[in-house]
Amino acid sequence: MLKLCGVRISNYHNKVRLALLEKGVEFAEDDARVPSQDAAYLERSAMGKVPWVEVDGRTLTESQAICEYLEDVYPERPLYPRDPWERAKVRELVSYVELHVELVSRRLHKQAFYGGTLSDESKAQVERELAKGLAALARLAKFAPMIAGAELTLADVCAFVHLPLVATVTRLVLGRDLVDELLPQAKTYLKALGERPAFQRVAADRKTAAEALRKK
Ligand SMILES: N[C@@H](CCC(=O)N[C@@H](CS)C(=O)NCC(=O)O)C(=O)O
């Protein structure tokens, strides 16, 4: 059986977990795989990051590669439309959310979560790039009612795990919620998504994992 390895406070781990749950795929989970640069760990995950999956003694990293694999192997409950153009539009949205928004906001994590300090110049640079990425996402997002249109897709899974984290770090470090400012429809959309059972479960488990980490 496929095993998902990582930690439940990771938005990328939760992306894969949510995709598995929405697709109704049976899986095992090792949720104690804290990222590491140890040699043995790097044998499994070459960047020392989470998540990865183990299938028949083999490992696969990178959440997007994993989700595409899941789509190929378990097509019954799809997270992509059938039409090639619409499939590409979903991948386009995933890229905007991850490359132009989440990855940019990640540069604020050092100050938001790890006790570091960023220079005013670095913060201003991130703020500019993030504003550009979110404005671009706002041009593409449909919210009709899902981000790519009528159906739930992997782009919704990504929006759900990444956007709240982006909002939190911008509030903590920049003193403003850039997601709310530049993508105002996100609040109602994310709330409605959060009512779906799998989404509810992943959000609740993320909260439990975050509380456990705070108590350590
Ligand atoms: N592109 C990767 C990103 C994964 C990622 O950044 N994971 C974070 C946790 S959310 C991590 O393992 N960070 C540890 C590190 O950067 O060393 C994916 O999509 O799987």
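The structure displayed is predicted, hence computed values, not measured ones. (Residues numbered from 1 in each chain as written. Predicted model: local features only at pLDDT ≥ 70, side-chain atom pairs only at ≥ 80, totals over all residues.)

Digging into the overall build of the protein
Here's step 1: Secondary structure assignment for the protein yields ten helices and four strands.
Here's step 2: In the protein, the order of α-helices and β-strands from amino to carboxyl end is β-α-β-α-β-β-α-α-α-α-α-α-α-α.
Here's step 3: A globule of 216 residues ought to have a C-alpha radius of gyration of about 17 Å, and the protein, at 17 Å, matches this closely.
Here's step 4: Overall, the C-alpha framework of the protein stretches about 50 × 45 × 25 Å when taken along its three principal axes.
Here's step 5: By residue count, 35% of the 216 residues in the protein fall in the buried class.
Here's step 6: Long-range pairs, those at least 24 residues apart, make up 69% of the contacts in the protein between residues at least 6 apart in sequence. (Helix = DSSP H or I, 4+ residues; strand = E, 2+ residues; numbered from the N terminus. Rg over C-alpha atoms; globule rule 2.2 N^0.38 Å. Buried ≥ 20, exposed ≤ 12 C-beta atoms within 10 Å, placed from the backbone. Contact = placed C-beta atoms within 7 Å.)

Structural notes on the packing of helix 1 (residues 11–23) against helix 10 (residues 197–215)
Here's step 1: Where helix 1 meets helix 10, the axes come as close as 9 Å, and the angle between the chain directions of the two elements is 150°. Like other packed secondary-structure pairs, helix 1 and helix 10 cross with a definite hand, here right-handed. Here helix 1 contributes N14, R17, L18, L21 and E22 to the contact with helix 10, which in turn contributes A198, F199, R201, V202 and R206. (Axes fitted to C-alpha atoms, helices over the stretch in contact; angles between N-to-C directions. Left-handed = near helix turned anticlockwise from the far one by under 90°.)

A few points about the site of the ligand
Here's step 1: S10, N11, Y12, P35, G48, K49, V50, P51, E62, S63 and Q64 make up every residue found near the ligand.
Here's step 2: For the shell around the ligand, the secondary structure elements donating two or more residues are helix 1 and helix 3 (63–73). (Near = placed C-beta within 6 Å.)

Focus: the packing of helix 7 (residues 154–174) against helix 9 (residues 186–193)
Here's step 1: Where helix 7 meets helix 9, the axes come as close as 10 Å, and the angle between the chain directions of the two elements is 115°. Classified by the interaxial angle, the pair formed by helix 7 and helix 9 is roughly perpendicular. At the point where helix 7 passes helix 9, the crossing takes the left-handed sense. In this structure, helix 7 uses D156, F160, L163 and P164 to contact helix 9, whose residues at the interface are A186, L190 and L193.
Here's step 2: Among the residues making up the contact of helix 7 with helix 9, the classes are represented as six nonpolar, no polar and one charged. (Parallel < 35°, antiparallel > 145°, perpendicular 65-115°, else oblique. Nonpolar A, V, L, I, M, F, W, Y, C, P; charged D, E, K, R; others polar.)

What to know about helix 1
Here's step 1: Spanning 13 residues, helix 1 covers 18 Å between terminal C-alpha atoms, matching the ideal 18 Å at 1.5 Å per step.
Here's step 2: The buried fraction of helix 1 amounts to eleven of the 13 residues, a majority that puts the element mostly inside the structure.
Here's step 3: Here helix 1 has its buried residues at Y12, H13, N14, K15, V16, R17, L18, A19, L20, E22 and K23.
Here's step 4: For helix 1, the elements touching its buried residues are strand 1 (3–5), helix 3, helix 7 and helix 10.
Here's step 5: Looking one or two places after helix 1, you find G24, whose phi comes out positive at around 70°. (Expected span 1.5 Å × (residues − 1).)

Thoughts on the environment of Q185
Here's step 1: Counting through the fold element by element, Q185 comes out in the loop between helix 8 (178–182) and helix 9.
Here's step 2: Separated by 42 residues in sequence, Q185 and F143 place their C-alpha atoms 7.5 Å apart.

Concerning the sheet that holds strand 3 (residues 52–55)
Here's step 1: Taking strand neighbours across the sheet as the criterion, the four strands line up as 2-1-3-4 in an open arrangement whose pairing is mixed. On the outer flanks of this sheet lie strand 2 (28–30) and strand 4 (58–61), each paired with one strand and no other. Each strand axis lies, on average, 25° off the axis of its neighbour in the sheet, ignoring direction.
Here's step 2: Relative to strand 4, strand 3 is paired through four bridges, and the arrangement is antiparallel. Considered in strand 4, the bridge of E54 is made with T59. (Pairing = 2+ DSSP bridges.)

Interpretation in functional terms is not warranted from these geometric data alone.
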